[in-house]
Structures are given as structure tokens and as C-alpha cells.
Amino acid sequence: MTDDLEYDHEPGIDERLAAAVRLLRVPVETDAQAFDARVLKQVQQPRGYAIPTRVSIVVSALAAAILMGVGLHNVSRSIVPRATQTVRFQLADVHATSVAVAGSFNGWNAEATPLHRAPNGTWTAEVALTPGRHVYQFVIDRSRWVPDPRSPRDPGDDFGTQNSVITVLPHRSGS
Amino acid sequence: MTRWVAVLICIASSLAGSHIAIAQRVLDVTDLDGRVAPALAVRIRILADSATAVRLPTAPLIDKALEGASKRAPDDRIVAAVHSVLDNLRVARHSLGDTATDAELAAGVTVLRAGVSPDALAEVHRTLHRRSLTVSLSVLGSLVAAGVPPSTAAKAITVQANRTDDAGMLAFGRDIERSIASGVPAYRAVEGATGGMPGPIPGKPTPRPKP
């Protein structure tokens, strides 16, 4: 308050300015403990939901699985057109030592799609095919080309034996 | 440790759910590499270039060449077969029009080589102009292969196309083939499946290529 008196008695100081100075010099009453308590309360408050560590691991794992699944699906789609249908090729031949199916869907590669033998001598393979018309033959023991006895024949026989035909409809219709 | 187990479980489940399938893509001339002798590949590439020049698909040519190579056919025979496919692609384009898809053209080649006339093919196209031809042409080819005369088979397809969808068309073809296989004469099998139909589509049949 000494300063106030000095200002008060300083010549040329406007009375209103002196009043303002006095007002500003009045100490502000603060409750330091209450302030600290409020700050601590904010700091210690949990941020959103507290997730247990194990739960977070499981959630992360599921998310990773979904992402991987989507990734694999996209990779698969880039190779195989989306609307494929799984077709089962089957041939009964108890004497064969190997059977494969070769056709327009695998570039006539006689080794790309082997059939697997069941104990009763039935050879089977499942292949995803796009909708449309596919021609093929079975290759027995890597040398003998035979048509599928259960499928219609292709009318052409450019290379000595008639191919078999399978027509795959779009998924919705079934085949 | 728990984290690694979870990751491994994820990988295993994703792999188990993934679809294992044969890669199907459109064949091109590079598919000849390593599958046919270089000299034969050159001859096939020339034919493929001819197809490309008139905006015809090359995949049926490559497919035929690979078929011949896998069956160990002589080179000249392979070239003749590929040449025949190219010739019939041109005819199929003419019969089916510029909007025909590659699959429809390939199916058209099959029925032309089976002996169906270009006029009959065009008639099938006109009858089915609002839907895909691939299934109908596939059934048509199979009927001819089963012994139905080409013109009769073409007429049966046009009659049936107005009555059923693609699934029904496949069933129709199977019924006829089954009847023929059981000993029913081809014309009677067709008549039975269609419930009677008018005469065959006129037109000079395409001579079947000799093997």
C-alpha cells in the first residue's frame, strides 16, 4: 500500500488511473490446494475405456486375421476371377497309377491338375472354373488321353480323340 | 508368448479359409514359350498376329496349339488345326456380329467346326440376341457331337431358347444326350425334348474338318 500512496501523491497522475492501479494491486485470493486437486483429478482420470491387455491382444489378432483374409481374398481375386464354381472331376480306373485332368482351363498342362485316388479306385479332383465352356480330357499314366465318360463330347477331334465339355453357369443359376 | 500364439492362430485360420484354385487367365502367345518348339511358336505367332489385325481373340488359337502340343501332335497338324480355328473365328464374327464376346466367338467356332452352317449360327444369334450365346452354343455343339444333325440341333436350340433360361438349356441338352445314349434315335430324342418342332434351319452346312 506504500506504492499506492506514492502514486496517490505523485503529481499529474489522473485520479481514475490511480484508482485502477489500486484495483489491480489488490492480491487475488487463490486456493492453491484446491487448484492442485483439480489438476491431479484431470491427470488421473482414465482416458476413454481401459481395455485389459489380453482383450487388446485378442482384438488385435482378430483385426489382423480380417485384414489378412481380405488381403488373401484380393490376391486370390487377382488370379482367379471372382465368380468361379468348384467342379469335381471324377474317373474310375483301378489300374491307373496316375490320373490328371488337362484342358482349356489349365493350358492343357497334363501335370498341373492331378486327381487323387480313393481306395476304391476312383480318382477325384476339385477345380475352380469360371463360368463358360471348358473342354478337357483325362490323362492316364501321363500318356493316355481319354474323354470323361460322364460328360458331353466336343464335336471337334483335331488330334485324334474327342474332348469332353463342361459348361459352367454363373454362380446364381447353378450348373 | 500369448501374442505370438494369437498371431499364429490368425495366420492358420486365414490360410484355412482361403480358396485354392487353378489360375485361369486369358492365354496369350507367351504361353507358347517352353511348351512348343520355337519354329512352331513362330508359325502360331504369325496366325495370332493375323487374328489381332482383324480384332479377333488370339486365346482360342493358343489354346488349340497347346492342346496339340500336349497331345504330341505333329507340328503341321497343330498349325492346320490353329488355322482352322482362325478361319472359323472370322466366320463366327460375321455370323454373330461385332458385339459378340470372345467366349461367344470361341463357342461359335466349335459349332461351325461341328458342321452348323453360318446361316444357322446367325439365326441362333438373332433368336438369342438379348442373352448370352455361350451356353446355347455349347449345348448345340454337344448335341451335334451326340449325333443330332447340325441343322436339326440348331433349330432345337432356337425353339428351346424361347422357353427356358441357361440352366434349363443345359438340362435340355443333357436330356437329349441321355436319350441318345440309351438308344433313342437322335431325331426322336430331340422331338421328345422339344415336344415337336418345325423343320430344320435351312443353310448349307459347313464341312467338318478332317482330323
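Residues numbered from 1 in each chain as written. Chains lettered and ligands numbered in written order. Predicted model: local features only at pLDDT ≥ 70, side-chain atom pairs only at ≥ 80, totals over all residues. Heavy atoms only, no water.

Any details on the overall build of chain B? Residues and values, ideally.
When helices and strands are tallied, chain B shows 10 helices and 0 strands. For chain B, the sequential pattern of α-helices and β-strands runs α-α-α-α-α-α-α-α-α-α. By the burial criterion, 48% of the 211 residues in chain B qualify as buried. Sequence-distant contacts in chain B: of pairs separated by 6 or more residues, those separated by 24 or more amount to 68%. Accessible surface, chain B as shown: approximately 10,400 Å² in total, 58% of it carbon and sulfur. (Helix = DSSP H or I, 4+ residues; strand = E, 2+ residues; numbered from the N terminus. Buried < 20%, exposed > 50% of the residue type's maximum accessible area, 1.4 Å probe, protein only. Contact = heavy atoms within 4.5 Å. Areas by Shrake-Rupley, 256 points an atom, 1.4 Å probe, with all protein chains shown as cover.)

Account for unusual backbone geometry, naming residues and giving values.
All names here are of chain B. Notably, Arg55 is not glycine yet its phi reads approximately 60 degrees, a positive angle. With respect to the helices and strands, Arg55 occurs in the loop between helix H2 (38-53) and helix H3 (59-70). Using a relative accessible area of 65% as the deciding quantity, one classes Arg55 as exposed. Phi at Arg72 is positive, roughly 55 degrees, even though this residue is not glycine. The topology assignment puts Arg72 in the loop between H3 and helix H4 (75-96). You can call Arg72 exposed: its relative accessible area is 72%.

Can you break down the pattern of salt bridges residue by residue, with the values?
On inspection of all chains with the given rule, the structure shows 13 salt bridges over all chains. Note that Glu126(A) and Arg88(A) form a salt bridge whose closest N and O atoms lie 2.9 Å from each other. Linking Glu126(A) in strand E4 (residues 122-129) with Arg88(A) in strand E1 (residues 85-92), this pair joins segments that are 38 residues apart in sequence. Between Arg90(B) and Asp87(B) there is a salt bridge, with the nearest N and O atoms lying 3.3 Å from each other. A residue pair is termed a helical-turn pair when its members lie 3 or 4 positions apart in one helix, as Arg90(B) and Asp87(B) do in helix H4 at 3 residues. On the basis of relative accessibility, which here comes to 40%, the residue Arg90(B) falls in the partly exposed class. The class of Asp87(B) is partly exposed, set by a relative accessible area of 35%. (Salt bridge = Lys/Arg side-chain N within 4 Å of Asp/Glu carboxyl O.)

Before we move on, could you go through the nonpolar core and cite the residues and values that matter?
Ile44(B), Leu137(B) and Leu140(B) are the most contacted members of the largest nonpolar core, which totals 66 residues. Top contributing element to this core by residue count: H4(B), with 9 residues. Contacts of Leu140(B), omitting those with residues within four sequence positions, involve Val111(B), Val116(B), Val124(B), Pro150(B), Ala153(B), Ala154(B) and Ile157(B). Residues Trp123(A), Val127(A), Tyr136(A) and Phe138(A) belong to the second largest nonpolar core, which totals 18 residues. (Core = buried A, V, L, I, M, F, W, Y, C linked by side-chain atoms within 4.5 Å.)

Tell me about the layout of surface pockets, residues and numbers included.
By volume, the largest pocket amounts to about 1,100 Å³. As for the largest pocket, its lining consists of 41 residues, and the residues nearest its centre are Ser104(A), Arg133(A), Ala59(B), Asp63(B) and Ala106(B). Taken together, the elements giving at least two residues each to the lining of the largest pocket come down to strand E5 (132-140) of chain A together with H3 and helix H5 (102-114) of chain B. Here the element with the most residues in the lining of the largest pocket is H5(B); it accounts for 7 residues. Of the residues that constitute the lining of the largest pocket, the class distribution is 18 nonpolar, 12 polar and 11 charged. A volume near 760 Å³ is recorded for the second largest pocket. Residue lining of the second largest pocket: 30 residues in total, with Arg150(A), Ser151(A), Pro152(A), Val165(A) and Arg174(B) positioned closest to the centre. Listing elements by their share of the lining of the second largest pocket, those giving two or more residues are E1 and strand E7 (164-168) of chain A together with helix H7 (134-146) and helix H9 (166-181) of chain B. Among the elements that take part in the lining of the second largest pocket, H9(B) stands out by supplying 7 residues, more than any other. Here the residues of the lining of the second largest pocket are counted per class, giving 14 nonpolar, 9 polar and 7 charged. (1 Å grid on protein atoms, 1.4 Å probe; cavity = no way out; pocket = protein on both sides within 12 Å on 5 of 7 lines; lining within 4 Å. Points joined across faces, edges and corners; volume = space filled by probe spheres on them. Nonpolar A, V, L, I, M, F, W, Y, C, P; charged D, E, K, R; others polar.)

Please give an account of the packing of H9(B) against helix H10 (residues 186-194) of chain B that cites residues and values.
Residue and element names in this part refer to chain B. Two numbers describe how H9 lies on H10: the axes approach to 9 Å, and their chain directions differ by 145 degrees. Crossing angle aside, the handedness with which H9 passes H10 is right-handed. Residue-level inspection shows Phe172, Ile176, Ser179 and Ile180 of H9 in contact with H10, the latter providing Ala186, Ala189, Val190, Ala193 and Thr194. Looking at side-chain class alone, the contact of H9 with H10 contains 7 nonpolar, 2 polar and no charged residues. (Axes fitted to C-alpha atoms, helices over the stretch in contact; angles between N-to-C directions. Left-handed = near helix turned anticlockwise from the far one by under 90°.)

Before we move on, could you go through the sheet that holds E4(A) and cite the residues and values that matter?
Residues and elements named next belong to chain A. As summarised here, the arrangement of the 3 strands in space is E1-E4-E3, forming an open sheet in which the pairing is antiparallel. Unpaired on one side and paired on the other, E1 and strand E3 (116-117) mark the two borders of the sheet. Where E1 lies against E4, 8 bridges are found, and the strand directions are antiparallel. Note that in E4 the partner of Val87 across the bridge is Val127. (Pairing = 2+ DSSP bridges.)

An account of the pairing of strand E2 (residues 99-103) of chain A is needed here, citing residue identities and associated values.
Residues and elements named next belong to chain A. Across the 5 residues of E2, 5 count as buried, placing the element largely inside the fold. When E2 meets E5, the two strands line up antiparallel, connected through 5 bridges. Its bridge partner being in E5, Gly103 is matched across the sheet by Tyr136.

Read these as spatial facts, not as claims about activity.
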